[in-house]
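Geometric and topological summary
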Amino acid sequence: QVQLVESGGGLVQPGESLRLSCAASGVIFNIYDMGWYRQAPGKQRELVAGITSGGSTNYADSVKGRFTISRDNAKNTVYLQMNSLKPEDTAVYYCNAKRFTLRYWGQGTQVTVSS
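Presented here is a report on the structure given in the accompanying data block. (Residues numbered from 1 in each chain as written. Predicted model: local features only at pLDDT ≥ 70, side-chain atom pairs only at ≥ 80, totals over all residues. Heavy atoms only, no water.)

Another aspect to go through is the overall build of the protein. Looking only at helices and strands, one finds zero helices and eleven strands in the protein. What you see for the protein is a C-alpha radius of gyration of 13 Å, in line with the 13 Å of a compact globule of 115 residues. Seen through its principal axes, the protein has C-alpha atoms that stretch 40 × 25 × 25 Å. Out of the 115 residues belonging to the protein, those deemed buried represent 40%. Residue pairs at least 24 apart in sequence account for 54% of intrachain contacts in the protein once pairs closer than 6 positions are excluded. As presented, the protein carries roughly 6,100 Å² of accessible surface, and 47% of it is formed by carbon and sulfur atoms. (Helix = DSSP H or I, 4+ residues; strand = E, 2+ residues; numbered from the N terminus. Rg over C-alpha atoms; globule rule 2.2 N^0.38 Å. Buried < 20%, exposed > 50% of the residue type's maximum accessible area, 1.4 Å probe, protein only. Contact = heavy atoms within 4.5 Å. Areas by Shrake-Rupley, 256 points an atom, 1.4 Å probe, with all protein chains shown as cover.)

Written out as structure tokens, the structure is:
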């Protein structure tokens, strides 16, 4: 069984930081590309950050310089460090694992940035 479990979301004020974690099980973690997506109410799900099995990263323009994606293959875990959070970062954040045509999703974790 493939399972992705996100954690670390919560309510923070603008300018503060959060670190999201996604723990994977049931997959050969090191061969999967991993990503963080988010979906705000009324909007489509968008890619926030991705990291390939080889370690290459990419980011949405809106988060470049503020967010950092990383992976620890020994722990089967991918992280998203989010700094200088803005109200527009408010969304449900989802972990994704991709291999060819296969995609697996976590349950999502809520991030709310508000004064």
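Note that soluble globular proteins tend to have their nonpolar side chains buried in a common cluster. M34, W36, F67, V78, L80, M82 and Y93 are the most contacted members of the largest nonpolar core, which totals 29 residues. Looking at this core, the elements that each hand over two or more residues are strand 3 (18-25), strand 4 (33-39), strand 5 (46-51), strand 7 (67-72), strand 8 (77-82), strand 9 (91-99) and strand 11 (109-113). (Core = buried A, V, L, I, M, F, W, Y, C linked by side-chain atoms within 4.5 Å.)

Attention now moves to the packing of aromatic side chains. With the rule as written, the count across this model stands at two aromatic pairs. For the pair Y32 and Y104, a centre-to-centre distance of 6.3 Å together with 55° between the ring planes defines the contact as tilted. Linking Y32 in the loop between strand 3 and strand 4 with Y104 in strand 10 (residues 102-105), this pair joins segments that are 72 residues apart in sequence. Classification of Y32 by relative accessible area gives buried; the value is 8%. Residue Y104 is classed as partly exposed on the basis of its relative accessible area, which comes to 24%. The lysine or arginine in question, R45, covers the ring of Y94, its NZ or CZ lying 3.9 Å from the ring centre. Lying across the ring of W105, R45 places its NZ or CZ 4.7 Å from the centre. (Phe/Tyr/Trp six-rings, centres within 6.5 Å; stacked < 30°, edge-to-face > 60°. Lys NZ or Arg CZ within 6 Å of the ring centre and 35° of its normal.)

In this section: the environment of I51. Within the fold, I51 resides in strand 5. Here I51 falls in the buried class, since its relative accessible area comes to 6%. With 18 residues separating them in the primary sequence, I51 and D33 have C-alpha atoms 6.0 Å apart. Contacts of I51, omitting those with residues within four sequence positions, involve D33, M34, S56, T57, I69, S70, R71 and V78.

In this fold, N83 is placed in the loop between strand 8 and strand 9. Separated by 66 residues in the primary sequence, N83 and S17 place their C-alpha atoms 4.4 Å from one another. Apart from the residues lying within four places of it in its own chain, the contact partners of N83 are E16, S17, R66 and F67.

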